[in-house]
Amino acid sequence: MNKLSAGAIVMGFILRVAAQEATIVGRVVEAESGRPLPGANVFIIDTFLGSSTTADGRFTIRHVPAGEHRVKAAYIGYRSETATVRLSGSQTVVIDFSLKSTPLVGEQVVVTGSRQPENLASAAGSIHVLSKEDLQRRASFRIDEALTHVAGVTLIGEQINIRGGSGYNRLGGSRALVLLDDVPMLTGDLGETNWNLVPITEVELIEVSKGASSALYGSGALSGVIAVRTKQPSLGNTISFRQTVGVYDRPSVPQWRWTDELRHYEKTDFSWSNTYGRVGVRLAATRHVSTGDRENGQFTRWYLTGKAHAQLPGNSTLTLFSTYSEEDRGLFLQWLEQDHALQVPAYDRGKTVGLKGYVGYAVWNKLFSPTLALKVRLSFNQQLVGIPFDLSGTFAPAAGLGGELQWQWKPHPNHSLAIGLDYKYDAVESSYYGRRTADGLSPYIQEIWKLSELLQINAGLRWDNYVLVGDSIETQISPKIGFSWQPISGTVLHGSLGRAFRAATVVERFLEAGSSDFRWRANPALEPERSTLLDIGLRQNVGERFSFEAACFFNRFDHLIEPTLFNDLTAQFINTPAARIDGLETEMRFRLWKERLELHANAVWMNPREIESGEPLVYRPRFTAAVTPALHWRRLSLEADYRYVARLPRVAVYPLDERVAMKLVDIRATFRLQRLLFRFLVRNALNYNYTVSERVLGEIRNYALVVEGHF
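A quick note: this is a predicted structure, and the numbers were derived from the prediction, not measured. (Residues numbered from 1 in each chain as written. Predicted model: local features only at pLDDT ≥ 70, side-chain atom pairs only at ≥ 80, totals over all residues. Heavy atoms only, no water.)

Asker: Go over the overall build of the protein chain with me, naming the residues and quoting the values.
Answerer: Per the secondary structure count, the protein chain includes five helices and 45 strands. For 711 residues, the compact-globule estimate of 2.2 N^0.38 gives 27 Å, and the C-alpha radius of gyration of the protein chain, at 26 Å, lies within 12% of that figure. Oriented by its inertia axes, the alpha-carbon framework of the protein chain measures out at about 85 × 60 × 50 Å. Put simply, the protein chain has 711 residues, and 55% of those count as buried. Within the protein chain, residue pairs in contact and separated by at least 24 positions form 62% of the contacts whose partners lie at least 6 positions apart. A total of about 29,900 Å² of accessible surface is found on the protein chain, and carbon and sulfur atoms cover 60% of it. Computed over 78 positive and 73 negative side-chain charges, the inter-centroid distance for the protein chain is 5 Å. (Helix = DSSP H or I, 4+ residues; strand = E, 2+ residues; numbered from the N terminus. Rg over C-alpha atoms; globule rule 2.2 N^0.38 Å. Buried < 20%, exposed > 50% of the residue type's maximum accessible area, 1.4 Å probe, protein only. Contact = heavy atoms within 4.5 Å. Areas by Shrake-Rupley, 256 points an atom, 1.4 Å probe, with all protein chains shown as cover. Lys, Arg positive; Asp, Glu negative; His and termini not counted. Charge placed at Lys NZ, Arg CZ, Asp CG, Glu CD.)

So, in structure tokens, the structure goes:
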């Protein structure tokens, strides 16, 4: 046989196989109202073939081989549905799904817990999902604000705590890793998160994975991972907007009234999306302006976001994403004095700080077969945050390059593997620590093994190598293993055991600043922080209207990096003695009266302490709780949030200051009129006074009107 004949045979075989591939299209809607459910997951069971629905609820699954398949549609807050279809040739089959709402957990597809798709009910670790509806109903301004409604998550200043893992430190790095569409968002200098990077109206959902996660994502995932997923382009022409206007009330304490001017804010969100042939495009812009409720509380924020998704030949797709944000705001580090809690000291009056951020990425996905897929990601982020204590220094934007190569393979219906390689490069520069560069290359492997329909094991391993050029090489092996078991219908037991670490940031190791009166000293010998987590939990569904979750967690932390003040008026980051945080997390949901009455509640008890001294860890509350009742009647919804955070047993800077528990009540009313939505909100309805960090008062009562439209 000559070469031409052989080539013709191979080409003919490829064309014949391609001709046998079918397409599944359809729509996912809410059964009760018929409205579309954007962001729902539709996939073929035991394969990597799948899609998520667009703004109008439509989906398309291409390159489906001939034969019989089970197609599943899942969406958080709704009961999943499965349809069986038999395909032959290159036909196009239409399957529509009508999902019924339910308080039951476990129907949502998540990826954070294993870097590959799995049902939330089968996840070995504790994972919470904030859906687009959760974000919409509270009209939160930023992602960090929305996260405070997740069980076990608290916000001190602008630092997120997952089960008390981070505490509070204005200069220290975050112990919770934040991902934007799988791109790490922590800055290369401070290791912090710029919460202004993407407008919350462009977020489809947020997954919060609680506990040690370095086996999945490397340094920074010491106490958990926050994965933000942005919205996809729609199939048809879609325009959305949200307009928010609000005013601040007067302070409840008369001597805090520092101005007679009406303090107010406004926020405008606009997005447009459409698909042209095989290319979908989404563009969004946001402007947020506020006078603030206090002196130096003013800010102006801009967001510009764009996303394109293209279907390419050869069973592949290309996604391009870009976001830019800019904020100019007043600097409020602490109050003038307690009797003037909304004013700043004279030396801070008029000071401002500028924050800028840019993130761009390209993701190429290639489907070689229904059971073998490849993802290649390249990303770039550049952020200018700076150190807030002294703005006279010079900072170059912290720049980071990243890349990922990941294979997903299902060698058997009961085995699913994710094998990949992460790369990162950081470059930072400042007069406080000089110019520093670092890079890292980290292979990993994760497996989901279904021993039966009732028992599943998750296991993974990652080897991190982080090279700080001219200084040190840090390596860490992070294993993790877990299980989920359904002994009876409606009951899932799960558990996981893992190790995690966080490398010291450039600021923590090399910061040199101060004057003749006080000086901050560098400490290049800092060791990485390490943690070990054991998490054991229960997910319980009772009938169709009640669900309950509980998890016991046991965390041990070694070499925590904390700022320390010495008697010679110098300060330095040092590794502190070992610590433990043990606790119990509970959460429940139920609906009554034909879905009109809804209640969601959670409570978390923790015992954060140093092992040697037994002293409480600083900035960790022992108890938090939240209750959200809701009443839905036709087009009208009435809702309230009550959040409680216990008094901090120990703080670092002003231990003699009075400290109180946080008792916050928010109320809102929502009315739907065809394609428009009107929402009235009262934040901090009781005008309760508390501090969000030392000598920084929480936001006073304010009223907001929100109008949304989707066309």
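Asker: I'd like to hear about the pairing of strand β2 (residues 41-44), residue by residue, with values.
Answerer: Pairing analysis gives three bridges linking β2 to strand β3 (residues 50-52), with the strands arranged antiparallel. Along β3, the bridge assignment pairs V42 with S51. Pairing of β2 with strand β5 (residues 67-74), which is carried by four bridges, proceeds in the antiparallel orientation. Bridge pairing links F43 to K72 in β5. (Pairing = 2+ DSSP bridges.)

Asker: So what's going on with the sheet that holds strand β32 (residues 519-520)? Which residues, and what values?
Answerer: Spatial strand order, β31-β32-β36-β35: four strands in an open sheet with mixed pairing. Unpaired on one side and paired on the other, β31 (513-514) and β35 (561-565) mark the two borders of the sheet. For β32 and strand β36 (residues 570-575), the ladder comprises two bridges, and the chain directions are parallel. Pairing of R519 across the sheet is with T570, part of β36.

Asker: So, the sheet that holds β5: which residues are in play, and what are the values?
Answerer: Spatial strand order, β3-β2-β5-β6: four strands in an open sheet with antiparallel pairing. The sheet is open, and its two edges are formed by β3 and β6 (81-87), each paired on a single side. Each adjacent strand pair in this sheet contributes to an overall mean axis angle of 15 degrees, direction not counted. (Axes fitted to C-alpha atoms, helices over the stretch in contact; angles between N-to-C directions.)

Asker: Explain a nonpolar patch on the surface to me, and be specific about the residues and the numbers.
Answerer: Taken together, the side chains of F368, L405, W407, I419, L421, Y423, L441, I445, L461, W463 and I477 make up a nonpolar region of the molecular surface, amounting to roughly 990 Å² of accessible area. At the level of elements, β25 (395-412), β26 (415-430), β27 (434-450) and β28 (455-468) are the ones that each hand at least two residues to the nonpolar patch. (Patch = residues over 30% accessible without salt bridge, like charges linked within 9 Å, V, L, I, M, F, W, Y side chains within 5 Å. Salt bridge = Lys/Arg side-chain N within 4 Å of Asp/Glu carboxyl O.)

Asker: Talk me through the nonpolar core; I want residue IDs and the actual numbers.
Answerer: As a rule of thumb, nonpolar side chains are buried together in soluble globular proteins. Ranked by size, the top nonpolar core spans 27 residues in total, and within it I143, L147, I206 and I226 carry the most contacts. Of all elements in the fold, only α3 (143-147), β13 (159-162), β14 (177-180), β16 (203-210), β17 (224-230) and β23 (352-369) reach the threshold of two or more residues within this core. In this view, I143 contacts W195, V198, I200, V203, I206 and V228; residues no more than four positions away in its chain are not counted. If you look at the next biggest cluster of nonpolar residues, it comprises 25 residues, including L37, F48, I95 and L367. (Core = buried A, V, L, I, M, F, W, Y, C linked by side-chain atoms within 4.5 Å.)

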